[in-house]
Amino acid sequence: MHITKSLRLALMALAIITMPAFAQEPPATPAGVAPPAEIATDAGVADAPAGTLLSEPVDGAEAPAPESGEPPADTRALDETVQDLKKDVVDLNRELFVLEEELLFPANTQVAVFISMDIGEFFALDSLTLKIDNREVANYLYTPREAEALLRGGVHRVYLGNLKVGEHQLVAFFNGKGPNERDYKRGANIEFEKGVGAKYLELKITDRQRKGQPEFAIKDWE
Amino acid sequence: MHARFAAFALGCALAVAMLDARASEPHELLGQPAPDLVARGLTGQNVRISEFRGDVVVVSFWSGSCNTCRAQLEALDRIARTYGTAGLVVLGVNLDDNPARAEKFARAQDVGFPMLVSTTKSTGREFAVDRLPMVLFLDRAGVLRVAHREFKTRDEAIYVRELRALLNE
């Protein structure tokens, strides 16, 4: 008898708990779609197209219909104010970014590694791995667009970190397609002295025309 | 024996209730800029999500061991073929641990959009993927606007409606 009663109680609990699971799902809608952020973020502000009105119109203000196709004077003033505010936000963001870098990577410990490519006939860069003092610090996959940017003269900062004063070793592994579209992997290393100032190292990929092979070098910006 | 059956039934009911509650929880990154992801595609080229700013991007996370993933990928393939010229980009990201197996599964799907194989174990964590399949819709500014977990046949129409709204923004 008591066993039957416990079974009954368990079945009732089962029914109560599973009731929401079988409830019909409401149609996905506006509740399922997050509204666009109303407050412009830094990226949002920087990427918003020129002339985007970021603020709400003033209550009670009526915009007069433009006669010659130009926006009325009060709207123009508002647009200009908004553009000025947007510029201020972008400037502040840039200053904050610089301050953040100085705080996190002070000059006395800062080390930065850059990569550049020249010509690119003999090597198509796919990925790069960096090790400093035998510890992997960066691993970057390059998309075709990024590789093209490097070929056009772009310089990419692959790594920014902190190192103590003294001797260190940097090893870079370059993966990509070499001559005849074959998989190509090469390494380059450099031992450098980290002093009290910031240290900048450049990984240079150039074409060695005489040998028909790419050349990988690491340059220390003294 | 009845007591054991009752306990088993109760345990199943609790599990179902918890799963259902989790499925209805909003995605933790909703409304925020999506993390960036770069992964190798089956064509051998690397693909980075942030390069598609300006387009509406659909990112589908899936695995070979997931039963409904295949159906979802087929639905997304149909949507990609219809709206691809309107600024819609669909990317499939395989989260299997074994890269060779992941590539094999990805190639077997035969879809028209790029299939990426992520070798970074943190990808799932960065995108807060808590169930597979999971599909995320990013707007033209790269903000995560919609997240769907699992897949049922009727979801395709919901996807189309939501994507059309994003494309029309």
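Cut-off values and rules
Residues numbered from 1 in each chain as written. Chains lettered and ligands numbered in written order. Predicted model: local features only at pLDDT ≥ 70, side-chain atom pairs only at ≥ 80, totals over all residues. Helix = DSSP H or I, 4+ residues; strand = E, 2+ residues; numbered from the N terminus. Buried ≥ 20, exposed ≤ 12 C-beta atoms within 10 Å, placed from the backbone. Contact = placed C-beta atoms within 7 Å. Core = buried A, V, L, I, M, F, W, Y, C linked by C-beta atoms within 7 Å. pLDDT = per-residue confidence, 0-100. Pairing = 2+ DSSP bridges. Axes fitted to C-alpha atoms, helices over the stretch in contact; angles between N-to-C directions.

Turning our eyes to something else, we now look at the overall build of chain A. Within chain A, the secondary structure is distributed over four helices and eight strands. Listing each helix as α and each strand as β along chain A from the N terminus yields α-α-α-β-β-β-α-β-β-β-β-β. A total of 222 residues make up chain A; the buried ones form 11% of that total. Long-range contacts, defined here as pairs at least 24 residues apart, represent 66% of the contacts in chain A between residues at least 6 apart.

Further remarks concern the nonpolar core. Core analysis: the largest hydrophobic core is formed by 41 residues, its most contacted members being V57, V58, V59, F61, L91, L136 and L138 of chain B. With six residues, the top contributor of residues to this core is strand β3 (residues 56-62) of chain B. Discounting residues that sit within four places of it in the chain, V57 of chain B has contacts with I49, F52, V89, L91 and L138 of chain B. Listed in part, the 18 residues of the second largest apolar core include F123, I132, Y142 and A147 of chain A.

Moving on, we get to the confidence of the model for chain B. Chain-level statistics for chain B give a pLDDT mean of 88 and a share of 91% at 70 or above. Across the whole predicted complex the pTM is 0.68, and at the interface the ipTM reaches 0.79.

Residues and elements named next belong to chain A. Pairing is antiparallel in the open sheet, where four strands are placed in the order β3-β2-β5-β6. Looking at the sheet topology across the chains shown, the edges are occupied by β3 (135-141) and β6 (183-194). Between one strand axis and the next, the sheet turns through 20 degrees on average, direction left out of account. Relative to β3, strand β2 (residues 124-132) is paired through six bridges, and the arrangement is antiparallel. Bridged to T129 within β3 is N139.

Residues and elements named next belong to chain A. Assignment of secondary structure puts R208 in strand β7 (residues 199-208). Spatially, the C-alpha atom of R208 lies 8.3 Å from that of F122, the residues being 86 residues apart in sequence. What R208 contacts, discounting residues up to four positions off in sequence, is Q213, P214 and E215.

Right, let's get into unusual backbone geometry. Backbone geometry follows two general trends: most residues other than glycine have a negative phi, and most peptide bonds adopt the trans configuration. That bond from L132 of chain B to P133 of chain B is cis: its omega, -5 degrees, falls within 30 degrees of zero. With respect to the helices and strands, P133 of chain B occurs in the loop between α4 (123-126) and β6 (134-138). Located in the positive-phi region is N134 of chain A, a residue other than glycine, with phi close to 70 degrees. Among the structural elements, N134 of chain A can be located in the loop between β2 and β3. For N134 of chain A, a count of 7 C-beta atoms within 10 Å corresponds to the exposed category. One non-glycine residue, D110 of chain B, lies in positive phi territory at about 55 degrees.

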